[in-house]
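Chain by chain, the residues run as shown.
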Amino acid sequence: MSARPGPPEPVPPPSTSVPGPESAPEPGQGSASAFLAACRREQPTHTPVWFMRQAGRSLPEYRRLREGVPMLESCARPEMVVEITMQPVRRHGVDAAILYSDIVVPLKAIGIDLDIVPGTGPVVAAPVRRSADVAALRPLTADDVTYVTDAVSGLRGELGGIPLIGFAGAPFTLASYLVEGGPSRDHVRTKALMRAEPELWHDLLGRLATIAGEFLRLQVQAGASAVQLFDSWAGTLSAADYARYCQPHSAAVLAAVADLGVPRIHFGVGTGELLAAMGEAGADVVGVDWRVPLDQATLRVGPGRALQGNLDPAVTMAPWDAIDEAVRDVLRQGKAAPGHVFNLGHGVLPGTDPGVLTRIVELVHEVTAGPLPASPAG
Ligand code: CP3
């Protein structure tokens, strides 16, 4: 069922210099990138680091730029998307950029009436609960999201050799917003629907998988070098329910971009009991939150997958000495995995001092630079 990653992509000829804006690597191709190397379980020059939600509310330059512009409108302005995506890259020196957008953008693009309400999150005007609502969910086409692909193309030049991560919401996470009508703690209506009407549920998730898969394909074709699937709310499910109602659809999204040769990251929150199933869903990298140490997580995920994570975002609010110790712990535990991309266990909190994020990037680079001991995992 799950699409295993194929053989490694052909490695491009070694380049003597970091590609400049004129010679950005082709989509999906390798470069001197530590991020891509770690995702592919090759030997990176140092442990790469980026932050989920690195673009956004922790940055004063972001808040200034966004003044008076609603979230979804900002996502539809390519120049603004390019600038907001670049802000944390310039400031922190991270090893990858993540496209500034939102998981609900492709849903809005196929005509669903929704908005992102500040301080609340996505709110859907007419929740999806009946078969006619599901039947109205049409596939996404390239014409629906030209503002996204224009931004991705623009970013290739701006970023030079730094990889851009494209992303999509996983079917369960998207379904939760559509069925509940907004953010939810317990996902009660969503869980009721999956049990009451399994056929309708699988129709809904199948459609969302098609939309998410196409959204990722379009981003990669426009120049994204990796993708992340946000199965953010999957951790609310038992392992049995995840396997039955959710994982096959996430696996379908990952399979939809398997032929493009770019690393695929699969992330969720509270997934300690789901890591084995996530390891089987087909991604190259499994993102782990802060609840499971990475040396344990790699045993649960299984061999052949790199890990991403997993500093508790709240730790960024602690005194520096405590942060330093926690970062070193994550790096030590991450050595047990066949590849490690340093990240937080979930998104940057709005109150995080951006200066602390910059220091974390410096620390990760400093601690891990230099020749790594030979590892049988290669
Ligand atoms: O830096 C990045 O990670 C890039 C962009 C990004 C955003 N949303 C921008 C955003 C990404 C990758 C997302 C994904 C996303 N959106 C997820 C999956 C990630 C996760 O947290 O697990 C989810 C669940 C959403 C839905 C969503 N959008 C929520 C819950 C919220 C927060 C609402 C609030 O104001 O508290 C949003 C809004 C949103 N998406 C913001 C940003 C920068 C904040 C909007 C603002 O600044 O006004």
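Below, the structure is looked at part by part. Quick caveat, the model's predicted, so the values are computed rather than measured. (Residues numbered from 1 in each chain as written. Predicted model: local features only at pLDDT ≥ 70, side-chain atom pairs only at ≥ 80, totals over all residues. Heavy atoms only, no water.)

**Some details on the site of the ligand**
What counts, and what does not: Proximity is defined per residue: any heavy atom of the residue falling within 4 Å of a molecule or strand makes that residue near it. Counted as a polar contact is a pair of N or O atoms within 3.5 Å, where, for protein atoms, one must be capable of donating a hydrogen and the other of accepting one, and residues adjacent in sequence contribute only when both atoms are in side chains. Surface accessibility in these figures is a Shrake-Rupley result with a 1.4 Å probe; residues are shielded only by whichever protein chains are displayed. Note on residue categories: nonpolar means Ala, Val, Leu, Ile, Met, Phe, Trp, Tyr, Cys or Pro, charged means Asp, Glu, Lys or Arg, and polar means any other residue, Gly included.
Residues in close proximity to the ligand total 26 residues, the closest being Arg 53, Tyr 62, Asp 102, Ser 232 and His 346. A distance of 2.9 Å is found between an oxygen atom of the ligand and a backbone nitrogen or oxygen belonging to Ala 55. In the model, an oxygen atom of the ligand is placed 2.7 Å from a nitrogen or oxygen of the Tyr 62 side chain. Summarising the interface, the protein chains cover 91% of the accessible area of the ligand, which totals 880 Å² for the free molecule. Looking at side-chain class alone, the shell around the ligand contains 15 nonpolar, seven polar and four charged residues.

**Here we look at the nonpolar core**
Formally: Working definition of a nonpolar core: buried Ala, Val, Leu, Ile, Met, Phe, Trp, Tyr and Cys residues. They are joined through side-chain atoms within 4.5 Å. Only protein chains enter the area calculation, which uses a 1.4 Å probe; residues under 20% of their type maximum are buried, those over 50% are exposed, and those in between are partly exposed. A run of H or I in DSSP counts as a helix once it spans at least four residues, and a run of E counts as a strand once it spans at least two, with each numbered from the N terminus. Residues count as neighbours in contact if any of their non-hydrogen atoms are within 4.5 Å of one another.
Ranked by internal contacts, the top residues of the largest apolar core, which has 124 residues, are Phe 35, Leu 204 and Ile 360. Looking at which element gives the most residues to this core, the answer is helix α10 (residues 198-222), with 13 residues. Setting aside its immediate chain neighbours within four residues, Phe 35 contacts Pro 48, Trp 50, Asp 95, Ala 96, Pro 163, Ile 165, Ala 226, Ile 265 and Val 341.

**Some words on the sheet that holds strand β7 (residues 285-287)**
Backbone-to-backbone hydrogen bonds join strands into a sheet, with any given pair of strands oriented parallel or antiparallel. Heads up, the condition is: In short, DSSP must find at least two bridges between two strands for them to pair.
Across the sheet, which stays open at both edges, the seven strands sit in the order β1-β4-β5-β6-β7-β8-β9 with parallel pairing between neighbours. Each edge of the open sheet is held by one strand with a lone partner, namely β1 (97-98) and β9 (340-344). Pairing of β1 with strand β4 (residues 164-169) involves two bridges; the strand directions are parallel. Bridge pairing in β4 places Ala 97 opposite Leu 164.

**Brief notes about the pairing of β4**
Across the six residues of β4, six count as buried, placing the element largely inside the fold. Going residue by residue along β4, you find Leu 164, Gly 166 and Ala 168 tucked away on one face and Ile 165, Phe 167 and Gly 169 tucked away on the opposite face as well. Pairing analysis gives five bridges linking β4 to strand β5 (residues 226-230), with the strands arranged parallel. Looking at the pairing, Gly 169 lines up with Phe 230 of β5.

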